Amino acid sequence: MGDILIVDDERDIRELIADILEDEGYSTRRGANADECMAAIAQERPALLILDIWLKDSHMDGIDILKTVKRDYPEVPVVIISGHGNIEIAVAAIKQGAYDFIEKPFNIDQLLVVIRRGMETAHLRRENIALKQREVEPAEILGESAAMRTLLSQLEKVTKSNGRVMLTGPAGVGKELAARYIHANSNRASAPFVVVGCATIEPERMEEVLFGRENGERGIEPGLLEEANGGVIYFDEVADMPSGTQSKILRVLVDQTFLRVGGSEKVRVDLRVISSTNRDLEAEIAAERFRRELFHRLNVVPIPVPSLEERREDIPMLADYFIETLHKSQGLPQRVLSEEASALLQTMSWPGNVRQLRNVIERVLILGDDTGPIAVGELPGESEAPESDGRVVLSGAIATMPLREAREAFEREYLLTQINRFGGNVSRTAEFVGMERSALHRKLKSLGVVTGSKAAQSA
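Residues numbered from 1 in each chain as written. Predicted model: local features only at pLDDT ≥ 70, side-chain atom pairs only at ≥ 80, totals over all residues. Heavy atoms only, no water.

**A short note on the confidence of the model for the protein chain**
Close inspection of predicted coordinates is inappropriate in any region flagged by low pLDDT. Let me state the cut-off plainly: The quantity known as pLDDT measures the predictor's confidence residue by residue, on a range of 0 to 100. Whether two residues are in contact is decided by their heavy atoms: any pair within 4.5 Å suffices.
When pLDDT is averaged across the protein chain, the result is 85; 88% of the residues are at 70 or more. Across residues 453-459, where pLDDT falls below 50, the model places 22 contacts with residues more than four positions away in sequence or in other chains.

**Focus: the sheet that holds strand E3 (residues 48-52)**
We count it as follows: One requirement defines pairing of two strands: DSSP has to find at least two bridges between them. Secondary structure elements are defined from DSSP: runs of H or I of at least 4 residues count as helices, runs of E of at least 2 residues count as strands, and each element is numbered from the N terminus. Lines are fitted to the C-alpha atoms to define the axes, a helix being fitted only along its stretch in contact, and any angle between axes, read from their N-to-C directions, falls within 0 to 180 degrees.
Pairing within the open sheet is parallel, and its five strands lie in the order E2-E1-E3-E4-E5. Of all strands in the sheet, those with a lone pairing partner are strand E2 (28-31) and strand E5 (100-103), marking the two edges. Averaged over all neighbouring strand pairs, the angle between strand axes comes to 20 degrees, with direction disregarded. Two elements, E3 and strand E4 (residues 78-82), share four bridges in a ladder whose sense is parallel. Note on E4: the bridge partner recorded for Leu49 is Val78. Contacts from helix H1 (residues 11-23) reach strand E1 (4-7), E2, E3 and E4, with the element oriented near 175 degrees to E2.

**Considering the pattern of salt bridges**
Spelled out, the test is: Here a salt bridge means any side-chain nitrogen of Lys or Arg lying within 4 Å of a carboxyl oxygen belonging to Asp or Glu. Only protein chains enter the accessibility calculation, which uses a 1.4 Å probe. A residue is then buried if its area is under 20% of the maximum for its type, exposed if over 50%, and partly exposed in between.
All chains considered together, the criterion is met by 27 salt bridges. For Arg335, the salt bridge is made with Glu378, and the minimal N-O distance between the two is 2.8 Å. Placement of Arg335 in the loop between helix H13 (315-330) and helix H14 (339-347) and of Glu378 in the loop between helix H15 (353-367) and helix H16 (396-399) is noted, with a sequence separation of 43 residues between them. Using a relative accessible area of 5% as the deciding quantity, one classes Arg335 as buried. Exposure remark for Glu378: the relative accessible area of 24% places this residue in the partly exposed category. Residues Glu362 and Arg358 are paired through a salt bridge, measuring 3.3 Å at the closest nitrogen-oxygen approach. One end of the pair is Glu362 and the other is Arg358, both in helix H15 and four residues apart, which spans about a single turn.

**Some remarks on the environment of Gly223**
Here Gly223 is to be found in the loop between strand E9 (219-221) and helix H9 (224-227). Along the backbone, Gly223 and Arg260 are 37 residues apart, and their C-alpha atoms lie at a distance of 8.0 Å. With residues up to four places along the chain from it excluded, the contact list for Gly223 reads Glu208, Val209, Leu210, Phe211 and Gly212.

**Thoughts on a nonpolar patch on the surface**
Rules: A patch consists of residues whose relative accessible area exceeds 30% and which take part in no salt bridge; residues with like charges are grouped when within 9 Å of each other, and nonpolar side chains (Val, Leu, Ile, Met, Phe, Trp, Tyr) when within 5 Å. Every accessible area reported is derived by Shrake-Rupley at a probe size of 1.4 Å, with residue values counting cover from the shown protein chains alone.
A contiguous nonpolar surface patch, about 290 Å² in accessible area, is contributed by Phe410, Tyr414 and Phe432. Among the structural elements, Tyr414 can be located in helix H17 (residues 403-421). Classification of Tyr414 as partly exposed rests on a relative accessible area of 32%.

This is the structure:
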């Protein structure tokens, strides 16, 4: 995209503008009517379009072409020229998205200034979009657990297709990261990735935000669907989408067209759709809060994202990554985890999943020492627990059991925790707890604990 397309029904005007621009170092193409204009744009998008508002023997005038170009190629700046110009036409052109308006006969210096500014504005807009894309953290998925290997295998299979993906899992597991991974490794990686926070947008504004709007005073205001054209749109927590909007999104999925709020002309887009939810959508459908047809359209490839409980062996790697990231982004101390702290993190409860783990690490780095390994006492739960002089504090249930039952209950819970911590790997668990592998197998069997490929479960 590096030339200027000149469209005017007067050959002399076309040639004059082309000669002026080529003398300034620009490359040009020319068209005499609407058909030649649209064919030239379809062949290759120009860097800028100079468009006569009155075109003889054309089925579209300049305003109609302007509307079409701003709908399908919003990044192309359009400069309108006319020998019949007046303030009403100028205002109409600007409202429809024209960059500027010049009357014939035009001043050459004025024309060149407008074109240079239009080209510069378009370049800055493209550069800004590219910078925003680079500012996003790389879509790197960390983890060596069986659950994460399964997830990565599934994500790799969908990156090269255009199929719709539904990511499921509790809050904080990294569903948006998985969506960004798909985008970054797809053939749309250089195109936009636009997030629609269905739970954060006010229901009464959802349609304007998604579809954009048209009105006499402000002209065209593109929505998120147009911003995502050519790339990926990600519906985060899609179960929170208002029911009225669901039916309209369904139509977009069917034919990739929509109407702006207040508009009368269809806007065509090319989108790949990825969605996510932490709810049971079948239950939402049964409660008539979610449309079954929309569910089937979105749920072409369902991919579950594992919770942190399912991948405990990845916790030390994730913690180290967060320490390094927070050091680079916020200047927090770059400390290391002590072995005891690492072990405790793997046994803690993580209802907030990876997001909660990151928050815990950030809190420790802010409130803790500037140097030295992170100790057990700095972790939440441990540091906030009352002093017990090294004694183990019994839960109410165990404290009421006979010794033999209490010992078995403790051993079962302790070994389950360690088995889960090491992702069901009995050999690594045996090494940590200080038992022979065969002896651990016998102990687990006597306690009624069975192990699987992912983790242990109580029989």
